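A structural walkthrough
The lines below spell out each chain.
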There are 2 protein chains.
Amino acid sequence: MEEELGAMTEKLEVLRRDLADRGLADSIAELQQHVERLRGLAKSTPTRRPKVQDMSAEVVDSNPYSRLMALQRMGIVENYESIRDFSVAIVGIGGVGSVAAEMLTRCGIGRLLLYDYDTVELANMNRLFFRPDQVGMTKTDAAVQTLSDINPDVILESYSLNITTVKGFETFVESLKRKSSRMSAHCVDLVLSCVDNYEARMVVNQACNELSQTWMESGVSEDAVSGHIQLLIPGETACFACAPPLVVASGVDERTLKREGVCAASLPTTMGVVAGLLVQNALKYLLKFGEVSPYLGYNSLKDFFPTMEMKPNPQCSNAACLERQREYILAKPARDAAIKAKVDAEASSKVTGPIHVDNEWNISVVDDSEGQSSHSDISDALPQGLVRELPSADGYPLEEPGPSFDDLDELRRQLEALNAA
Amino acid sequence: MEEELGAMTEKLEVLRRDLADRGLADSIAELQQHVERLRGLAKSTPTRRPKVQDMSAEVVDSNPYSRLMALQRMGIVENYESIRDFSVAIVGIGGVGSVAAEMLTRCGIGRLLLYDYDTVELANMNRLFFRPDQVGMTKTDAAVQTLSDINPDVILESYSLNITTVKGFETFVESLKRKSSRMSAHCVDLVLSCVDNYEARMVVNQACNELSQTWMESGVSEDAVSGHIQLLIPGETACFACAPPLVVASGVDERTLKREGVCAASLPTTMGVVAGLLVQNALKYLLKFGEVSPYLGYNSLKDFFPTMEMKPNPQCSNAACLERQREYILAKPARDAAIKAKVDAEASSKVTGPIHVDNEWNISVVDDSEGQSSHSDISDALPQGLVRELPSADGYPLEEPGPSFDDLDELRRQLEALNAA
């Protein structure tokens, strides 16, 4: 629009000069005023915020990350800015996936990969995120439009494809393996499944089992009033095929269930809650705080939130799952050693002062979990149910410190002694 | 913009005719092409969806209410369209209030009243709803802009004011009492408090106690990882002054805590979950399904959801609360009679068939709450903890039907007999 207006201004100026002696100058002047007013109108259309180089904790109204960086100050997250190093894939940009994408975008995630094959319809307007003016766009295009306006710092990759087709599955798996050129040596860190049918879930399960990729599943019931989230670590927890849902369509193709004239109910509330619980667990997993729930249900009629844990099924029908289970069992000695090293390291470094020496909030907190490790005890806390495959740097035993060197001469003498031995 | 373009087209046409014989027609033709292109650009800017007269359950992509009306078909809600009769006030359009407003708007609530005194800043972008292009607008104006685009069927009233000032409080109370000219005889049905400080909560509490107005409270902790919602019915449950928070600022003005250089953390996840739980409870309360939670906490570090119930405090410091408590005690006989009538009515009408005779989903459901009233048992179910102040129409005893009149003559005879007695 700016370009059009510029061209018009130029042409009018030429006309005005040519016509100066012909008595039509007044008309031209009026036209020029119209162009000026149009320019004003064009300027009032939305402009995007500029990108932000580094996340700052500075408390000013113009800082989009101040309230997130405050999580460090509050003792919740050790290094919030590391969120920029993570890539998250979201499969299904519907009532749950779109809100999950918006939450991660507003949190400043490094890279988001979005997958959907559907288009936006007015029938989607009873859930958050999509707007009536986006009707007819693909859900991925509409999502990229909205998300890039909200936070231009996030790298967005979108795939308008159906992962349940052969071609779609290949592209899906390749995209999960690909490293981003704009980010350091990272493939996808976490996959969030936000699809609405059994077949698509089984496809995500297959891809993640093959890639040994940790993922989180989510779902909302057909009657709109309950939902769940679940953490799936290939080989370590049950995969989606290990424990199929108790209730599935019996003897009919699932797609025919969604036939003409019949539709499932949905509510923005249930989907918002499930998306919130899902992304909260994703943040806990990526940023290493709190406990990642292995499974969390939401029954909205009674506000009941069941939890459970599911071990892998040694008779699982998925071959890749069985392979991951074997690997997990083989790695047991390394895991046990890592746990022992960590426990020893913790025991020897049990000298911790208060976290907030300067109590600037004048708030007194009663710790009701004395003896337990609290969430502020971040240094080497991994979410419950997760262990490091290799001992972490701070997990090496500290009880027997090696020799300490006071100066270079001393160091040289020690080296000579070693060489002589 | 349309107007500007129209005026330009007209003027150019006049110029073209006047100049036809002077050899400048080509320049004018070019200018006319620019105008046409501008018109095309102007058309591609968002257009709003038209209003919908009646909520339809028809399953077509163009129906924004199909997935909500499906709640009736699924046996969750008896009369979904009654949502259009309700007015809900939301105090505080921040991280929780704005999302609550969007959820209710997408659900097609009748009327929303929005209160806030703040403006949108980039520092708000880590929570859902507001967009960077809205920075500088009042939160109420920005909310009305977004919400009216999403659903033009909702009546929006916004108040950019501080309810903790004397003038603001007066306007707030008056607005809660006012009936909408566009809706039948309804004042506000429910107040949702989504404010972020103790003082504002006490003000909402005062207003609701004075008006005997049921409200729901919500809150998110300063460290962003926990929150709660609470139902408050003046006289029946604890009011906000009956049980003040266990931890409050000690000996300092709360506002000075939010001083330069210090800010509370916040996450879109926690706020999204709290908003979802809040509006879900509001829907259950208004549309009479499920159980409304008296109090529900959300501890996101452990995915723990504590519940509790709080009775009013007979030593409450709030005079209006004590008055409501007295009224509630005085109304006990009427309540008991209503409950008895309801139980009797239920016993005498215990002939109910299966809800879904046509099991179009091929899904078999196991009822684990036999004997209890289930959520599909909607006819006269009120949320747990709520009782009707007056017996409802269907609560009158049905065992002893009054005389029935077959025709007008019979009616006249009966009246004469009564007069003669």
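Keep in mind that what you see is a predicted model, and the values were worked out from it rather than measured. (Residues numbered from 1 in each chain as written. Chains lettered and ligands numbered in written order. Predicted model: local features only at pLDDT ≥ 70, side-chain atom pairs only at ≥ 80, totals over all residues. Heavy atoms only, no water.)

1. Observations concerning the overall build of chain A
Counting its regular elements, chain A contains 12 helices and 7 strands. Within the span of chain A, comprising 421 residues, buried residues form 48% of the whole. Accessible surface, chain A as shown: approximately 20700 Å² in total, 53% of it carbon and sulfur. (Helix = DSSP H or I, 4+ residues; strand = E, 2+ residues; numbered from the N terminus. Buried < 20%, exposed > 50% of the residue type's maximum accessible area, 1.4 Å probe, protein only. Areas by Shrake-Rupley, 256 points an atom, 1.4 Å probe, with all protein chains shown as cover.)

2. What about the environment of L287(A)?
Residue and element names in this part refer to chain A. Mapped onto the elements of the fold, L287 is located in helix α9 (residues 268-287). Placed 208 residues apart in sequence, L287 and N79 show a C-alpha to C-alpha distance of 7.4 Å. Apart from the residues lying within four places of it in its own chain, the contact partners of L287 are V77, N79, Y80, S82, I83 and F86. (Contact = heavy atoms within 4.5 Å.)

3. Details of the side chain of N63(B)
Note that N63(B) resides in the loop between α2 (25-43) and α3 (66-73). What makes N63(B) buried here is its relative accessible area of 7%. Reaching out from N63(B), the side chain makes a polar contact with the backbone oxygen of S56(B) at a distance of 2.8 Å. Sequence-distant contacts of N63(B), that is, excluding residues within four places in its chain, are made with L122(A), A123(A), S56(B), A57(B) and E58(B). (Polar contact = N/O pair within 3.5 Å; in protein donor to acceptor, adjacent residues only side chain to side chain.)

4. Brief notes about the packing of aromatic side chains
Residues and elements named next belong to chain A. Per the counting criterion, the structure on display carries 11 aromatic pairs over all chains. A centroid spacing of 5.0 Å and a plane angle of 85° characterise the contact between Y115 and F172, whose relative ring orientation is edge-to-face. In this pair, Y115 sits in strand β2 (residues 111-116) while F172 sits in helix α6 (residues 166-177), placing the two residues 57 residues apart along the sequence. Of the residues examined, Y115 reaches a relative accessible area of 1% and is grouped as buried. Overall, the relative accessible area of 0% leaves F172 in the buried class. (Phe/Tyr/Trp six-rings, centres within 6.5 Å; stacked < 30°, edge-to-face > 60°.)

5. Regarding the confidence of the model for chain A
Looking at chain A, the pLDDT average stands at 82 and 73% of residues meet or exceed 70. For this predicted complex, the interface confidence score (ipTM) comes to 0.74, while the overall pTM stands at 0.75. (pLDDT = per-residue confidence, 0-100.)

6. Brief notes about the packing of helix α10 (residues 319-330) of chain A against helix α11 (residues 332-348) of chain A
Residues and elements named next belong to chain A. Axis separation between α10 and α11 bottoms out at 5 Å; the angle between their running directions is 50°. With respect to α11, the element α10 is oriented oblique. Packed against α10, whose contacting residues are Y328, I329 and L330, the element α11 presents K332, P333 and R335 at the interface. (Axes fitted to C-alpha atoms, helices over the stretch in contact; angles between N-to-C directions. Parallel < 35°, antiparallel > 145°, perpendicular 65-115°, else oblique.)

7. Quick notes on helix α6 (residues 166-177) of chain B
Residues and elements named next belong to chain B. For α6, with 12 residues, the first-to-last C-alpha span of 17 Å sits near the 16 Å given by 1.5 Å per residue. Every buried residue of α6 is accounted for by G168, F172, V173, S175 and L176. Each buried residue of α6 lies within a common arc of 160° when the element is viewed along its axis, so the set occupies one face. Exposed positions of α6 whose direction lies more than 90 degrees from the buried face are V166 and K167. (Expected span 1.5 Å × (residues − 1). Arc of directions from axis to C-beta.)

8. As for the nonpolar core
In terms of nonpolar packing, the biggest core is built from 131 residues, with I90(A), L112(A) and I90(B) touching the most fellow members. Not counting the four nearest positions on each side in its chain, I90(A) is found in contact with G97(A), A100(A), A101(A), L104(A), L112(A), L113(A), L114(A), Y115(A), L192(A) and C194(A). Counting 22 residues, the second largest nonpolar core, distinct from the first, contains Y159(A), F172(A), V173(A) and C208(A). (Core = buried A, V, L, I, M, F, W, Y, C linked by side-chain atoms within 4.5 Å.)

9. Examining the domain arrangement of chain A
How big an interface is tends to be reported as the loss of accessible area on association of its parts. Structurally, chain A comprises domain 1 (2-44) and domain 2 (86-252 + 262-334). The C-alpha-based centres of domain 1 of chain A and domain 2 of chain A are spaced at 54 Å. (Domains from an automatic or database assignment.)

10. A look at the environment of Q206(B)
Residues and elements named next belong to chain B. One can find Q206 in helix α7 (residues 198-211). Classification of Q206 as partly exposed rests on a relative accessible area of 25%. Spatially, the C-alpha atom of Q206 lies 9.2 Å from that of A319, the residues being 113 residues apart in sequence. Residue contacts for Q206: discarding those within four places in its chain leaves F169, N318 and A320.

11. Topic: the side chain of E217(B)
Residues and elements named next belong to chain B. The residue E217 is located in strand β5 (residues 215-220) in this model. A distance of 2.8 Å separates polar atoms of two side chains, one belonging to E217 and the other to H228. In this structure, E217 is in contact with S193, R201, H228, I229, Q230, L232, F240 and L278, ignoring residues within four places of it in sequence.

12. A closer look at the sheet that holds strand β2 (residues 111-116) of chain B
All names here are of chain B. Reading across the sheet, the 7 strands line up as β3-β2-β1-β4-β5-β6-β7 and stay open at both edges, with mixed pairing between neighbours. Looking along the sheet, the strands with just one partner apiece sit at the ends: β3 (155-160) and β7 (295-299). Averaged over all pairs of adjacent strands, the angle between their axes in this sheet comes to 15°, without regard to strand direction. Looking at chain direction, β5 and strand β6 (residues 226-232) are connected through 6 bridges and run antiparallel. Looking at β6, one finds that W215 is bridged to L232. Packing against the sheet, helix α5 (residues 139-150) makes contact with β2 and β3, and its axis sits at approximately 155° to β2. (Pairing = 2+ DSSP bridges.)

13. A few points about the packing of α9(A) against helix α9 (residues 268-287) of chain B
Pairs of packed helices are described in terms of their axes, by the angle between the two and the distance that separates them. Where α9(A) meets α9(B), the closest approach of the two axes is 8 Å, and the angle between their N-to-C directions is 155°. Relative to α9(B), α9(A) is oriented roughly antiparallel. Here α9(A) runs over α9(B); the crossing is left-handed. Judged by residue contacts, T269(A), T270(A), G272(A), V273(A), G276(A), L277(A), V279(A), Q280(A) and L283(A) of α9(A) engage T269(B), T270(B), G272(B), V273(B), G276(B), L277(B), V279(B), Q280(B) and L283(B) from α9(B). (Left-handed = near helix turned anticlockwise from the far one by under 90°.)

14. Considering helix α10 (residues 319-330) of chain B
A turn of α-helix holds 3.6 residues, and therefore any two residues three or four places apart point the same way. All names here are of chain B. Taking 1.5 Å as the rise per residue, α10 with 12 residues should run 16 Å; its terminal C-alpha atoms sit 17 Å apart, in good agreement. Buried residues belonging to α10 abut α7. Two or three places before A320, at the opening of α10, N318 has a side-chain oxygen 3.0 Å from that residue's backbone nitrogen.

15. Digging into the sheet that holds β2(A)
Residue and element names in this part refer to chain A. Spatially, 7 strands are ordered β3-β2-β1-β4-β5-β6-β7 in an open sheet, and the strand pairing comes out mixed. Only two strands of the sheet have a single neighbouring strand rather than two, namely β3 (155-160) and β7 (295-299). Adjacent strand axes in the sheet meet at a mean angle of 15°, parallel and antiparallel pairs treated alike. Across the sheet, α6 lies against β1 (87-91), β2, β3 and β4 (190-193), angled at about 175° from β2, the strand it touches most. The strands touched by α9 within the sheet are β1, β4, β5 (215-220), β6 (226-232) and β7, with β5 carrying the most contacts at an inclination of about 170°.

16. Here's the deal with the environment of V220(A)
Here V220(A) lies in strand β5. Those residues within four positions of V220(A) in sequence are excluded, and the remaining contacts are V96(A), S226(A), G227(A), T270(A), M271(A) and V274(A).

17. Some remarks on the pairing of strand β4 (residues 190-193) of chain B
Residues and elements named next belong to chain B. Taking every second residue as pointing to the same face, both faces of β4 are buried, with L190 and L192 on one and V191 and S193 on the other. Pairing of β4 with β5, which is carried by 3 bridges, proceeds in the parallel orientation. Bridging from a neighbouring strand, S193 pairs with E217 of β5. Assessed by its sense of winding, the connection that carries the chain from β4 through α7 to β5 is right-handed. (Right-handed = clockwise from strand over helix to strand, strands pointing away.)

18. Here we look at the pattern of salt bridges
By the definition in use, this model includes 28 salt bridges over all chains. Of the charged contacts in the structure, one is a salt bridge between K340(A) and D344(A), with a shortest N-O distance of 2.8 Å. Remark: D344(A) and K340(A) occur in helix α11; sequence separation between them is 4 residues, near one turn of the helix. D344(A) gets classed as partly exposed once you look at its relative accessible area, which sits at 23%. The partner of R49(B) in a salt bridge is D153(B), and the shortest N-O contact between them spans 3.1 Å. Taken together, the residues span a long stretch of sequence, with R49(B) in the loop between α2 and α3 and D153(B) in the loop between α5 and β3 at a distance of 104 residues. Each member of the pair, R49(B) as well as D153(B), carries the same accessibility label: buried. Residues participating in the shared-partner salt-bridge network are R49(A), R84(A) and D153(A). (Salt bridge = Lys/Arg side-chain N within 4 Å of Asp/Glu carboxyl O.)

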